[in-house]
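# Coordinate analysis (summary)
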Amino acid sequence: MEISPDPLSLKRLLTKNQNWHSYYQYHQNNGLPMREEVPWAITQILSCKNYVKGHAQYYCSNKSCLHEKRVPFTCKHRMCNSCGKVASDKWVAKQKQVLPKCSFQHITFTMPCELWPIFDRNRHLLNKLPTLAAQSVLKLAKKKNIKPGIFTALHTFGRDLKWNCHVHLSVTRGGLSLDLSEWKNIYFPAKNLMSVWRHGVTKLLRDAFKEGKLNLPHNIAPYFLNKLLNEQYQRHWRIHCAKKQNNAEKDIAYLGKYIKRPPLANSRLVHYSGKDVLFKYFDHKSGTHKRLHLDVYSFLKRFTQHIPPKHFKIIRYYGFLANSVRTRYLPLVYKLTNSIFDFVHHVS
């Protein structure tokens, strides 16, 4: 394989050999469907920092100086490596100021891979998954008369860019009592979370099918759907509960890498031969770093499938962090958690 002499980037990969144009024309000529947000997103990325998108022009305050500077506008799209990093850094900085001083726990909600293609064909249902994950936590907390704070991030990709629906959730390991007078600690058992999550996702798919709003993949016949859901419901769905952290900074930093940035960083692109792409990734199952070799069309297919719909909210907030109630509850949370944090810090 010929090694590219210039540093690889997503934008360069799209423009080199007219890769994106060829990929787009291939879909058009063969009548292959392409979601409308895909060409729109790629156009934004390609026009980023290009003068065709517009620019700001600056002049020296000294009228006798003829020097001027033009700064091209950026695209501000989350799939752009450059703009995504800036937006992600801003989000991380803001969350560090907003989130209370208390213990947090990172929980990952997954589903059997047999259900992934259904959500790929029914993107409107992705909008429901973060709420189902949050409700799994809130339902257990309600039994303890506690309102925790939650933020979630929906991911559709694995490290190798395959389609993989799962929800990352970060929750406070405590919450407000219903009378708002104290901060109460709480523990979330993975087994109980799994039962609520599994029931919620299964019901979501059954209800969508009954309402005629479920577009099944070609390999799943309508009469087979009920059997498929029954089989998957009998399985154990993996819910990963990480060890609690003294604050939310680790979760913020982790989620910040993905929520406003593309699923593949430029640093993971290794080689481009003119026909094939080689990129590296970390395999969680084996615990090793691997490399994946794909032709350009296969790579673009994997990458573009993760472009979210326009205005889709990757990050959602629930509990006392919900946007509709946080102005009411957060001052109380700050007051209660700060007093606890200061006491623990003083004792230690």
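Residues numbered from 1 in each chain as written. Predicted model: local features only at pLDDT ≥ 70, side-chain atom pairs only at ≥ 80, totals over all residues. Heavy atoms only, no water.

This part is about the pairing of strand 7 (residues 174–177). As paired elements, strand 4 (residues 146–147) and strand 7 share two bridges and run antiparallel to each other. What sits directly across from Ile146, in strand 7, is Ser177. Where strand 7 folds back on strand 8 (residues 183–185), the antiparallel hairpin that results is connected by five residues, among which Leu180 adopts a positive phi of roughly 65°. (Pairing = 2+ DSSP bridges. Helix = DSSP H or I, 4+ residues; strand = E, 2+ residues; numbered from the N terminus.)

Now for the packing of helix 7 (residues 190–210) against helix 8 (residues 222–233). Angle between the axes and distance between the axes are the two parameters that describe a pair of packed helices. The contact between helix 7 and helix 8 brings their axes to 11 Å, and the two run at 175°. As summarised for this structure, helix 7 and helix 8 are arranged roughly antiparallel, according to the angle between their axes. Where helix 7 approaches helix 8, its residues Arg198, His199, Thr202, Leu205, Arg206 and Phe209 are matched on the opposing element by Pro222, Leu225, Asn226, Leu229, Asn230, Gln232 and Tyr233. Class assignment of the residues belonging to the contact of helix 7 with helix 8 gives a composition of six nonpolar, five polar and two charged. (Axes fitted to C-alpha atoms, helices over the stretch in contact; angles between N-to-C directions. Parallel < 35°, antiparallel > 145°, perpendicular 65-115°, else oblique. Contact = heavy atoms within 4.5 Å. Nonpolar A, V, L, I, M, F, W, Y, C, P; charged D, E, K, R; others polar.)

Phi at Asn145 takes a positive value of approximately 60°, unusual for a residue other than glycine. As for its position among the elements, Asn145 is in the loop between helix 6 (129–143) and strand 4.

Bringing the nonpolar core into the picture now. Counting 66 residues, the largest nonpolar core has Phe109, Met111, Phe119, Leu129 and Trp197 as the members making the most contacts within it. Other than its neighbours up to four places away in sequence, Trp197 contacts Phe109, Thr110, Met111, Leu129, Leu132, Ala133, Ser136, Val167, Trp237 and Ile239. Of all hydrophobic cores here, the second largest spans 29 residues; its members include Val38, Ile45, Tyr281 and Phe303. (Core = buried A, V, L, I, M, F, W, Y, C linked by side-chain atoms within 4.5 Å. Buried < 20%, exposed > 50% of the residue type's maximum accessible area, 1.4 Å probe, protein only.)

Let's shift gears to the sheet that holds strand 6 (residues 163–172). Reading across the sheet, the five strands line up as 9-3-6-5-13 and stay open at both edges, with antiparallel pairing between neighbours. Among the strands making up the open sheet, the edge pair consists of strand 9 (239–241) and strand 13 (315–319). Taken over all neighbouring pairs, the strand axes of this sheet differ in orientation by 20° on average, direction set aside. Two elements, strand 5 (residues 149–157) and strand 6, share seven bridges in a ladder whose sense is antiparallel. Bridge pairing in strand 6 places Leu154 opposite Val167. Its contacts with the sheet place helix 7 against strand 3 (104–109), strand 6 and strand 9, and it is angled at close to 145° to strand 9.

Once that is clear, we can look at the pattern of salt bridges. Evaluation of the coordinates by the stated rule reveals eight salt bridges. When the shortest N-O distance is used, the salt bridge between Lys162 and Asp160 registers 3.7 Å. (Salt bridge = Lys/Arg side-chain N within 4 Å of Asp/Glu carboxyl O.)

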